[in-house]
Amino acid sequence: MQLDESTDISNFSQLLVYVRYIYKEDILEDFLFCQTLNGRTTGNDIFTLINAFFENNEISWSMCKAICTDGTAAFTGSKKGFRAKVNEISPSILFTHCMIHREALASKKLEPFVNEVLQDAIRVINFIKSKSLNSRLFMILCNEMGSDHTKLLLHTEVMWLSRGKILLRIVELKDEIRIFLLEHKNTLAEHFLNEE
């Protein structure tokens, strides 16, 4: 099981839980649930929410072999944290620390040239996506050109893996973007005239 607590755009704390399991000799991954944590987000609150879900769905803690979390005290606390509560019920569960958070920190230190390209890409995306009219016109252009995609992806700092996806989508739609930017007399179009 992998879980993370995150605050959404409405300032509500959401607990997301994913599971990896064996089914008919295949290893599958699924989204188990997402629920709002009302009030505080302590280890006890997180445990209570997950334990209630397990009880309501007749899932035994003995079925859980490992749990992956970030390094926050709410998850890792040895006395009041989620880990401590789980260990009271099922001490054999293995706990691991999520690597994505470390990779996200490492990705903040990009080479200057790479960072400049990424920032230019974000400016292009923001120009097209920030106004609904631009988004609609870009979608029409992509449809007219027979593109595989009609929308650009949004980059977010929280979901750092989106960096690769937004750059790939920009490369796939580079001709459409160049034409769109030229039609709107945007100086960012010059980036799409330079193959490098």
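Keep in mind it's a predicted model, so treat the numbers as computed, not measured.

What counts and what doesn't
Residues numbered from 1 in each chain as written. Predicted model: local features only at pLDDT ≥ 70, side-chain atom pairs only at ≥ 80, totals over all residues. Heavy atoms only, no water. Core = buried A, V, L, I, M, F, W, Y, C linked by side-chain atoms within 4.5 Å. Buried < 20%, exposed > 50% of the residue type's maximum accessible area, 1.4 Å probe, protein only. Helix = DSSP H or I, 4+ residues; strand = E, 2+ residues; numbered from the N terminus. Contact = heavy atoms within 4.5 Å. Salt bridge = Lys/Arg side-chain N within 4 Å of Asp/Glu carboxyl O.

**Q** Honestly, the nonpolar core in this entry has me stumped. Any pointers?
**A** Within soluble globular proteins, side chains that are nonpolar generally end up buried alongside one another. Counting 22 residues, the largest nonpolar core has M1, L3, L15, I50, W61, I67 and F82 as the members making the most contacts within it. Counting residues per element, the ones that place at least two in this core are β2 (13-23), β3 (26-37), α1 (43-56), α2 (73-76) and α3 (82-89). By residue number, the principal contributor to this core is α1, which donates six residues. Those residues in contact with F82 that lie beyond four places of it in its chain are L3, G43, I46, F47, I50, W61, I67, A74, F75 and F95. L141, I166, F180 and F192 belong to the second largest nonpolar core, which has 19 residues in total.

**Q** Whenever I open this one, the pattern of salt bridges confuses me. Can you help?
**A** Where side chains of opposite charge bring their charged atoms close, a pairing between them can arise. Overall, the coordinates contain four salt bridges when judged by the stated rule. The residue R123 makes a salt bridge to D120 at a minimum N-O spacing of 2.4 Å. Residue R123 and its partner D120 are located together in helix α5 (residues 112-129), separated by three residues, close to a single helical turn. By relative accessible area, which is 12% here, D120 ends up buried.

**Q** Could you clarify how one ought to interpret unusual backbone geometry in this entry?
**A** Most peptide bonds adopt trans geometry, and most residues besides glycine take a negative phi value. The phi dihedral of K24 falls on the positive side, at around 50°, and the residue is not glycine. Following the sequence through the fold, K24 ends up in the loop between β2 and β3. Using a relative accessible area of 65% as the deciding quantity, one classes K24 as exposed. The backbone of E25 shows a phi angle near 65°, a positive value even though the residue is not glycine. Relative to the assigned elements, E25 resides in the loop between β2 and β3.

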